[in-house]
Structure formats: C-alpha cells, structure tokens
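# Coordinate inspection notes
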2 protein chains.
Amino acid sequence: LEIPSTSISLSDTVTPAFLPGEASSTTPNAPFEDYNTEGPEHDVLKGLPALRAEWITDRKDTVSYQGRRRDLEDDGKAAVRRGEASKEWQGERRDPRRGKEHPVTQMWYARQGVITPEMKFVAEREHCDVELVRTELAAGRAVMPLNINHPEAEPMIIGEKFLVKINANMGNSAVTSSIDEEVEKLTWACKWGADTVMDLSTGNDIHTTREWILRNSPVPIGTVPIYQALEKVDEDATRLTWELFRDTVIEQCEQGVDYMTIHAGVLLRYVPLTANRVTGIVSRGGSIMAQWCLAHHQESFIYTHFEELCEIFKQYDVCFSLGDGLRPGSLADANDQAQFAELMTLAELTQKAWNHDVQVMIEGPGHIPFDTVRMNIEIEKALCKGAPFYTLGPLTTDCAPGYDHITSAIGATEIARYGTAMLCYVTPKEHLGLPNKDDVKTGVITYKIAAHAADIAKHHQGAQDRDLAISKARFEFRWMDQFNLSYDPDTAIAFHDDTLPAEPAKMA
Amino acid sequence: LEIPSTSISLSDTVTPAFLPGEASSTTPNAPFEDYNTEGPEHDVLKGLPALRAEWITDRKDTVSYQGRRRDLEDDGKAAVRRGEASKEWQGERRDPRRGKEHPVTQMWYARQGVITPEMKFVAEREHCDVELVRTELAAGRAVMPLNINHPEAEPMIIGEKFLVKINANMGNSAVTSSIDEEVEKLTWACKWGADTVMDLSTGNDIHTTREWILRNSPVPIGTVPIYQALEKVDEDATRLTWELFRDTVIEQCEQGVDYMTIHAGVLLRYVPLTANRVTGIVSRGGSIMAQWCLAHHQESFIYTHFEELCEIFKQYDVCFSLGDGLRPGSLADANDQAQFAELMTLAELTQKAWNHDVQVMIEGPGHIPFDTVRMNIEIEKALCKGAPFYTLGPLTTDCAPGYDHITSAIGATEIARYGTAMLCYVTPKEHLGLPNKDDVKTGVITYKIAAHAADIAKHHQGAQDRDLAISKARFEFRWMDQFNLSYDPDTAIAFHDDTLPAEPAKMA
C-alpha cells in the first residue's frame, strides 16, 4: 500500500560557534511529510492508472456490463450538430461495473465489519487507526466518496474526526472555457491541495468534459446532475421528468462520479417560505426544483423517487451530497424557516439513504452572521445524526464582492472548528464571474488556511507540526525552508525581496 | 458640527409590469450613508485645516509655547550631513500647545462630566448617545486618541461599545521609500477605511516624515518612539537612556502624535521566560527593551519612569498603547507565561495611567490558535478592567506567508467579536517584506471585512444595513449599486465581465 505524500526536505540548523576558533555545529532537520492530493504524474491524454481496479474486482461483488454509452445529446445540441464532441476522449474506456447482490458501498463494508484496502489506505493517509475509519463510516459520521467506476481516485475520507477537507468547484458554461482549460484547472486545484473537485459544467460537451476530468482526477469528483438534465430539456425546468433525471444520474454513475448534489429537500410546501426573502432562492439547483414544483404543483420528483436513487447509488457507491437548495443568499435571509425546514427534510433523507447503506453528506450555507455559524453546524449534527456537513463558506458579510474568499474563509474556519467535515471553497470571483486559474489557486489556498486553522483549533493530532517546522525555520532565517513549508512557495518567494528589514512592518 | 460621511446614491428598484400594456413601476432607494475616514480633499503641500483648533483654544486650559523645535539629529545622520532633511515641510508650522493646570485628556473631561465637541462629534459619527461616549471614556473602556497638537484629526473612538476600528501600519526604513510615498500610502489607507495609521519609520528623515504625515492625516497617528530613540544612538540598544527616550517622546508629543506604543511591560525578570520559545521575542520594541535590561541588568527605564510618562502624556492628551513586547511569534509560543506575565504588568500600568486621567489601549497578539482567541480577549478585559484591546490579527496559522492578511483576519474577526476594539491590519507581505500601496489596500479592506463581520456578530446597531442594501441590489441586478456599495468597487467592476452566467460558479 503506497500512500501519496510529499516530502519537504529541510536544511540543517546551524548553531554558530560560541567561542572564537570553535567550529559552528549543525543539527539536521527531518523532512516534513505533507498530505498530498496531487496524484501521480501522468499523461492527460491517457489518464491516470486505475489504482483501485484490483481492489474492486478482488471483492468479486461487482460485474462489468455494457452500460448505456454516451448519447451525443449528453454533450448538448452543438455536439449533435457536429456529430461529435469538441474533443473526444481518446484514452482508455472501460465498461462500467456495478454491484451484484449487495450494496458495494464503503458504508456497507464497514457495517459488515470488513476492512477494505480503501479504509487501510485512508488510515495510513490520516495517521489513524483503521478501526476509527471503519466505525465512523459504519455510523455515517464519515464518508469516502469512491465510485467503483472511478478507480483512478485515491481514497480519502470526509468526517469530523479526520482532517478538514476542501472542495474546489469548476466547470465550463455556455459561454466560456474549453475542455483543455477544465482539465488544467483540475490538475491545478489538486496541485494546490483540493481534496475533491466538483464539475459544475453547464455548457457544451458536458459529458465529454466530465470524462476527461474523471479519467485524470486523483481526487473524488462531485457533480450536480440536475444541471445536465436541464441541458437535455433546453433549459426549460418544467420539462424535467424523473425518468430523464434518473437516466442522467445513471449516465454519471457509469462514468464514475463519486458524489452528487441532489436537491431532494426542496419540497413544494417550502417554496412559499422564500417569498419574503431579500434574495429568494440563490441555489441554481434549488431554483430549478422550485420552478418544477410550482409549475406542476406536485411534490419534487427527486423527493418522491428518493428510494430509487438510493437503489442506484448503492450499486456504484455514489455518495449523496444532499443539496441545500434553500440556503440563504444574504445575511438577511440567514437562519430562516425555509433553511431549517429543508435541513429537517435532509435529515429524514439521510436516514433513508443509510437504510440502504448509501453514504451521505449534507450541504450547508451560504451567507450567515458570524455569531450564528456555530449554531448551524450544531443543529446539522443533531438533526442529521453526525452525517458530515459540507458547507459553502459561510460568508460572514455580503459587502465585499471581489473578496468573498476572505469573507467566507472566516466563517469556514468557525464552522469547521465545531465539526464541519468539508469546506467548499469560494473564489474572489464569487458573485462576479467564473473563476480562472489564478482564482482557483487563491480559493484553494485560502481554504487550506481555513481548514488548517480549524484542525489546529480542534487539537487534531499533529496539526500544529507544520507550524512548528516553519516557525523554527523563520527564527533561524532558513528562508528556503520557510518558503518550501509555506502553502504557496511561489508567492512567498515573489514577495520576499532583498531589501527586507521586515521588522518595521510589524507592530512592535 | 459637520460629520464626515460618504453618501452612496442608489438607483431605483424597477418592478416590471404585471400585465401587458401596463407600465413598470419604480421605487426609489435612499442613499446609503457610509462612515468616512478619508478626510477633506486638500493640498498635501499645505496640510489639512485645523478642524479642532478652536475647540482646543476655547477650553482655555492650554498654552502655546516655544517647544524644543526640530534638531537635525531627529532626522538621522544623513540629514545632519546634508544640513537638512530630504524634503523639509513647507506648510504651516504652529507652536506646540500643552495643558496648564490640569490634564487636558478626553478622559479627564469625561470624568469631570464635561461633554466636549470631540465627544459630540464622535456620538454623531457613531449614531449613539453622547452620554455613552462620555461614560465609556470616563471608565477607560474607550479612548479617543487626539493629541491637542494634531488638530487636523477628526475625532474617532475606540472601545467595545462602538464600531470595531482598524489600524494600518506604514513607515519608511533604512532602505526603502521616500516621504512622498509615505504620505501617499497614508492618504491611500484613509481612502480605503483605515481608522488610525501608525508611522513605524526607522530610516532617514524620521522627524520630517512624521511632520508630513501628521499635517496631512485626518485620522489619529500612532508611533513607537523607541524606534526613533534607537536611531539617535546608532541602533545600539544598550546606549538608550531614560532622558533620551523622554526627549524623543516630548518631541513627538509636540508634533502631535495621538498615541504611542510604549513597551513598559517587558520587565527584566520576564526576559528569561522567553528563553525556551521557538521564536523568542518577535516584537522589535520588546527585543530592544529586553536587550537593554539584560545588558544593564536593570529594570526597564520605561517601567521605572512610567509615572513621568503619564505626566507628559496628560499635558498633550497622548494615549498609551501599551505594547506587548513579549507577544508570541508562532503558535508554539502562544499563551505562555511570558505573554501573560507581561499582560499583568500592563494591567498594573493601566491603573497608573488612569490615576493620571491618561487614556490607555492594550496591545495584543500575535500568533494564536483559533480556539484560544476568545480567551485572550476575555483575560485582557478582566485584567485590564475593560481598557480597549488593540490586536495584531491574531494569525491562526504560521504556514501561509504571503497570505497572512487572511490567516490573521480569521483570528481578528473572532477576537473582535468578543470585544477587541481595534484591529491592527496585517498585509500579504507580513514576514516577507514591506507593504507597498497594493498591500496597504489589501490589508485595509481585509480588515474592514473582519471588523464588519464582528460588528454584525456583536449585533451592533445598524451594522447589517449595508449588507441588506447590497443584497437587495444583487437580487434586483442593480449592478452599479452593488459595485458602489462594495468595499472595493474598482476590484468588483474589474472582476465582473460580460460573459457572466455566474450561477455555475456557485455550489448549487
């Protein structure tokens, strides 16, 4: 079992001679071993090696089958016109697999008392006992999003007892960016420390873009399948059906998506609760489902067919990320009835998914005053029985577009400190535009800071080791060590200049 | 009494017609009145008008006197060689004033039951009752740093019951920047929202640079007089004396410095407490005083002459900013004996200063794990009887040089939420170099976010008004209003582009 890790080698500590004529002495500093999300170097045209392929087949509980294959409509109308996607995936194509007789989820194995290689991998990666991994998975307090059709992914775990994780969003849209750019952003995000990536594409070549991303991603990939479903009905939400949605979900299960945002908590009766909000429904998925419910005056088809979704997910080990379609989009709307009504429904659905041994995360807000952040994670843990919370920030003020990575990192640190397991990054472009490569990097590093500050606040074992190493380097003027131990050596080096007296810039 | 304020005019809310043929209706939105720190437009060669001159003379408790005048040595050896400073101040020069028979501090007036024009100004600026201003000043729980020799300053208040304030550090050094650049940074910092500015210059022309800054500053100016004292003894800390330090303090009192960082808590017996620290003494002032104490094996001359300092300060209304010379420079050193021993001494000195009716702030850390931030403000309030806490961050991790505005804004929000009255900004260059104009702006805006998020968390009256206004503008797609209400319209506009579908970039 080879665990990915980055070894940062450090130079010696030099103690100057005390008496003239004496030699100075040196003490070696052990290399710092860093958690690594970058994955192995590889050719993006061929994709990553299938790390978990044998682990999956060795369990003999899955079968390979024909699958539905890509329909050109999966890639949108432009692809249909052209007769092909913009840039067909040319690397290896495997037939999809699915479970045979029982759920093939890590939760099911954990509940059976089975220690999988994935659990062992994660235990070594987190420097913890594998029994902790297994028991937390079995209880639903942790998830390992690992679709059996994404064998390239390196196992990782999301749960309060483990290191706080971060997610980076990307994805093309109708008007911007190419497949190449999206793959480049994926690699870039993983290089800087993203633990998972969500592909939120809404434009052309949506299926093929995802194929490129999955085959090249060392981290779990999440999606919002309703986005693709909507593309298939020309963005007319009222034309959505359960069957179309289900088929889109299966398409993505077969491709290997590890977790999916499912807005099953936007119930018909909750929609009026948003009528007097300042910013209404800001979640795209939430607003799609609200539109559908109102137009048909029927209960959400995702809610009514939830058990069927569980039946699908358990064959692939896809993890639910139960979406907060009614999350507040401004401080004024924070902590209202709509938000908590939906959360209670998500708690009910969590129990249903767990009855199927399907893994679940709960998505959280949004825009929340700082003094109510703690309450938000505490109510989630109470209602959802410890299912991992996965929050977007939260942003602690609405007043700083262009700086929302910062307004939200403040809330993110607070919410992670009290148990939120994964933080969805926010980039400086939030509310203003789509993130470019620089924004992705800024978002990832800002959220690494938030996650790490929370790990320290939680007294997570060893969390302060890196701080100690970099502080020692700082005190001893080992500048290169300080740079290499920093989250962004390139920026630290660029900022450092030869004219540095440094001290006057500090408050003394 | 004319209170500075920025009026942000907003466009109308347009409600589209409901039925065809109907006209759309519009509802006007009242302009948003913003707290303004920018001061009036003026010619930097002439300086600002002396807003408070009459208020001060009308009290008839001060006299104008000859003063010690600038000695060329105040500007360093290069100035002595040249026979002049690099850029002599050509604007108005007033003889200094000082109190005659009683302290002329705002605290003294408050304790006498006198409502000064300064208090009225502040009450209108903060939209609060002037009695609140007076009682908080009288109790020492708030300060108004307003040297009578800086009549250009617009009164502002620092205290837990008022809006959280932010300070921006600047200052030249032996190797970089000119007087022009420092004045430009001052104006720039005030434009973006700095409530006070500290001039931490250590290089050439230190006296003259300060003259330019004071004559052009609409906000209170703080300094660390030991820096200039050290320049006068060729940076040999062991040659410092009480007399030289005292004369430097008087020089700065006569110029108009509003508050001074005084490291009077670094006692001889505390220095050994830092021996086993990872990063020793990181405060420049703290390290200067520790060197002096060790070299002479005597108690700090600032501590032993503290009452004399009070006698000086009360003649000019200079506010103490009692420096935390032993603050931790890394998480590993946080919350140690040295830090809290010094804090207890600062508490003792606070009482001494208050006995002289001299205003006091307490400086705080530094580098602190997030879960111990709250404790730090609570122990300060308990020991120092509510004297305003003025903290540098604190930084919540040591691992992100280049991003320390963010690592520290997280801690700053938390510490302000529980009562810290003023936050000293940290720029992206912290630990790496001196901040340029861009860094000053990033630092100020990041700290405006932290202060504002804390005001909201404290349920400070009206703190959420701006969030409401910008959220309404966002929901109604009033883009220009959204930009104008944001803390940095330039950046928001630059980030916004025509290709904006925005939604896919959010987690849905």
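Note that the structure is a prediction, hence the values are computed from the model and not measured.

Secondary structure summary: chain A contains 19 helices and 16 strands in total. By the compact-globule yardstick of 23 Å for 508 residues, chain A fits well, its C-alpha radius of gyration being 23 Å. Its C-alpha atoms give chain A principal-axis dimensions of roughly 90 × 55 × 50 Å. A buried classification covers 64% of the 508 residues belonging to chain A. Across chain A, contacts joining residues at least 24 apart in sequence account for 76% of those joining residues at least 6 apart. Between the centroid of the 50 positive side chains of chain A and the centroid of its 77 negative side chains there is a distance of 3 Å.

With that settled, consider the sheet that holds strand 10 (residues 196-199) of chain B. Residue and element names in this part refer to chain B. Pairing is parallel in the closed barrel, where eight strands are placed in the order 9-10-11-12-13-14-15-16. Within this sheet the neighbouring strands show an average axis-to-axis angle of 25°, counted without direction. As paired elements, strand 10 and strand 11 (residues 221-223) share three bridges and run parallel to each other. For Asp199, the partnering residue across the bridge sits in strand 11 and is Thr223. Contacts between helix 6 (residues 179-192) and the sheet are confined to strand 9 (165-170), strand 10 and strand 11, with strand 9 contributing the most and set at about 165° to the helix. Relative to strand 13 (residues 319-322), helix 12 (residues 306-316) is tilted by about 140°, and along the sheet it contacts strand 12 (259-262) and strand 13.

The next thing to look at is the packing of helix 4 (residues 117-126) of chain B against helix 5 (residues 130-139) of chain B. Helix-helix packing is characterised by the crossing angle of the two axes and by the distance between the axes. All names here are of chain B. Taken N-terminus to C-terminus, the directions of helix 4 and helix 5 make an angle of 120°; their axes are 8 Å apart at the nearest point. With respect to each other, helix 4 and helix 5 are oriented oblique. Between helix 4 and helix 5 the crossing geometry is right-handed. Between helix 4 and helix 5, the residues in contact are Met119, Lys120, Val122 and Ala123 and Val130, Val133, Arg134 and Leu137, respectively.

A few words on unusual backbone geometry. Here the amide bond leading from Pro365(A) into Gly366(A) is cis, since omega sits at 10°, within 30 degrees of zero. Tracing the sequence through the fold places Gly366(A) in the loop between strand 14 (360-364) and helix 14 (373-383). Unlike most non-glycine residues, Asp357(B) shows phi in positive territory, near 60°.

In terms of nonpolar packing, the biggest core is built from 239 residues, with Phe313(A), Phe320(A), Phe313(B) and Phe320(B) touching the most fellow members. Discounting residues that sit within four places of it in the chain, Phe313(A) has contacts with Val249(A), Cys253(A), Met260(A), Ile262(A), Val318(A), Cys319(A), Phe320(A) and Val358(A).

The subject of this paragraph is the relation of the copies chain A and chain B. Least-squares fitting of chain A to chain B yields an RMSD of 0.0 Å, with the superposition described by an axial translation of 0.0 Å and a rotation of 180°. The operation mapping one copy onto its partner corresponds to a two-fold rotation axis. Nearest to the rotation axis, the C-alpha of Ile410(A) is located 2.4 Å from it, this being the minimum over chain A.

What the rule picks out here adds up to 22 aromatic pairs over all chains. Judged by centre distance (5.6 Å) and plane angle (75°), the rings of Trp108(B) and Tyr109(B) are edge-to-face. Using a relative accessible area of 16% as the deciding quantity, one classes Trp108(B) as buried. Tyr109(B) gets classed as buried once you look at its relative accessible area, which sits at 4%. Taking 5.8 Å as the distance between ring centres and 35° as the angle between the ring planes, the aromatic pair formed by Trp479(B) and Phe483(B) counts as tilted. Of this pair, Trp479(B) and Phe483(B) both sit in helix 18 (residues 479-485), four residues apart, roughly one helical turn. Residue classification places Trp479(B) among the partly exposed residues on the basis of a relative accessible area of 22%. Of the residues examined, Phe483(B) reaches a relative accessible area of 4% and is grouped as buried. Among the aromatic side chains, those forming a connected cluster through ring pairs are Trp242(A), Phe245(A), Trp292(A) and Phe301(A).

A word on the sheet that holds strand 13 (residues 319-322) of chain A. Residue and element names in this part refer to chain A. An order of 9-10-11-12-13-14-15-16 is seen for the eight strands of this closed barrel, with the pairing classed as parallel. Mean inter-strand twist for the sheet, computed between neighbouring axes without regard to direction, equals 25°. Pairing analysis gives four bridges linking strand 12 (residues 259-262) to strand 13, with the strands arranged parallel. Within strand 13, the position partnered with Met260 by the bridge is Phe320. Running at roughly 165° to strand 9 (residues 165-170), helix 6 (residues 179-192) makes contact with strand 9, strand 10 (196-199) and strand 11 (221-223) of the sheet.

Right, let's get into the packing of helix 15 (residues 404-417) of chain A against helix 16 (residues 437-457) of chain B. Relative orientation of the contacting elements helix 15 of chain A and helix 16 of chain B amounts to 40°, with a least axis distance of 10 Å. Comparing their axes, helix 16 of chain B and helix 15 of chain A come out oblique. The crossing of helix 15 of chain A and helix 16 of chain B is right-handed. Contacts between helix 15 of chain A and helix 16 of chain B involve Ile406(A), Thr407(A) and Ile410(A) on the former and, on the latter, Thr446(B), Ile449(B) and Ala450(B).

On to helix 15 (residues 404-417) of chain B, then. Residue and element names in this part refer to chain B. Relative to the 20 Å expected for 14 residues at 1.5 Å per residue, helix 15 spans 20 Å between its end C-alpha atoms, a close match to the ideal helical length. Taking burial as the measure, the 14 residues of helix 15 include 14 buried ones, the bulk of the element. Gly419, located one to two residues past helix 15, shows a positive phi value of around 130°.

Basis of the calculations
Residues numbered from 1 in each chain as written. Chains lettered and ligands numbered in written order. Predicted model: local features only at pLDDT ≥ 70, side-chain atom pairs only at ≥ 80, totals over all residues. Heavy atoms only, no water. Helix = DSSP H or I, 4+ residues; strand = E, 2+ residues; numbered from the N terminus. Rg over C-alpha atoms; globule rule 2.2 N^0.38 Å. Buried < 20%, exposed > 50% of the residue type's maximum accessible area, 1.4 Å probe, protein only. Contact = heavy atoms within 4.5 Å. Lys, Arg positive; Asp, Glu negative; His and termini not counted. Charge placed at Lys NZ, Arg CZ, Asp CG, Glu CD. Pairing = 2+ DSSP bridges. Axes fitted to C-alpha atoms, helices over the stretch in contact; angles between N-to-C directions. Parallel < 35°, antiparallel > 145°, perpendicular 65-115°, else oblique. Left-handed = near helix turned anticlockwise from the far one by under 90°. Core = buried A, V, L, I, M, F, W, Y, C linked by side-chain atoms within 4.5 Å. Least-squares fit on C-alpha atoms with pLDDT ≥ 70 in both. Phe/Tyr/Trp six-rings, centres within 6.5 Å; stacked < 30°, edge-to-face > 60°. Expected span 1.5 Å × (residues − 1).

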